[in-house]
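# Structure assessment
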Amino acid sequence: ITGYAVLRPGDRAAFFGPALAENKDAYARIVDWLRTTANGPTFLDVPHASRFRDSIQHTFSLKHQRNFLRMYKGPAPFAGQPPAVIATSGSEKG
């Protein structure tokens, strides 16, 4: 698996995420899938550390809506792969 993405319905708009791509080819396939699948307003939360942040913002003419700060006490429980993240699963997931 070099990438995955989830698109789920919401009250006011669909929500795209989580989505992750290990390389540009996987990212391109996910973007193509999103273009053909999302039929209306869609929200996504893109981390600042994402290497795809500028590309996805430009591709879909996205505008910045809000900031998030992820916090935890003590050592990071799981650092993850922030550069590979296209969109997070949402603020409600922590």
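For the structure itself, look to the data block above.
Presented here is an overview of the structure given in this document. (Residues numbered from 1 in each chain as written. Predicted model: local features only at pLDDT ≥ 70, side-chain atom pairs only at ≥ 80, totals over all residues. Heavy atoms only, no water.)

## Quick word on the pairing of strand β1 (residues 3-8)
The two faces of a sheet get side chains in turn, since along a regular strand they alternate between them. What counts here: Strands were regarded as paired on the criterion that DSSP finds at least two bridges between them. Every helix listed is a DSSP run of H or I at least four residues long, and every strand listed is a run of E at least two residues long, numbered separately from the N terminus.
Relative to strand β2 (residues 14-21), β1 runs antiparallel, the two sharing 5 bridges. Bridge assignment links Gly 3 to a residue of β2, and that residue is Ala 21.

## Things to note about the packing of aromatic side chains
What counts is decided by this rule: Any pair of Phe, Tyr and Trp rings, taking the six-membered ring for Trp, is counted once the centres come within 6.5 Å. Such a pair is stacked with planes under 30 degrees apart, edge-to-face with planes over 60 apart, and tilted for the rest. Throughout this description, buried means an accessible area under 20% of the type-specific maximum (1.4 Å probe, protein chains only), exposed means over 50%, and partly exposed covers the range between.
Applying the stated criterion to the full structure yields 1 aromatic pair. A ring pair is formed by Tyr 27 and Phe 52, whose centres lie 4.5 Å apart and whose planes are at 5°; its orientation type is stacked. In this pair, Tyr 27 sits in helix α1 (residues 24-37) while Phe 52 sits in the loop between β3 (42-43) and α2 (53-59), placing the two residues 25 residues apart along the sequence. Residue classification places Tyr 27 among the buried positions, given a relative accessible area of 9%. A relative accessible area of 5% places Phe 52 in the buried class.

## What to know about the pattern of salt bridges
Heads up, the rule is: For this analysis, a salt bridge means a side-chain nitrogen from Lys or Arg found within 4 Å of a carboxyl oxygen belonging to Asp or Glu.
Within the structure shown, the criterion is met by 3 salt bridges. Asp 32 is the salt-bridge partner of Arg 35, the closest N and O atoms lying 3.5 Å from each other. Taken together, the residues Arg 35 and Asp 32, both in helix α1 and 3 residues apart, mark about one turn of the helix. A relative accessible area of 43% places Asp 32 in the partly exposed class. Between Arg 53 and Asp 54 there is a salt bridge whose closest N-O contact spans 3.7 Å. Given the relative accessible area of 28%, Arg 53 is considered partly exposed. Residue Asp 54 is classed as exposed on the basis of its relative accessible area of 53%.

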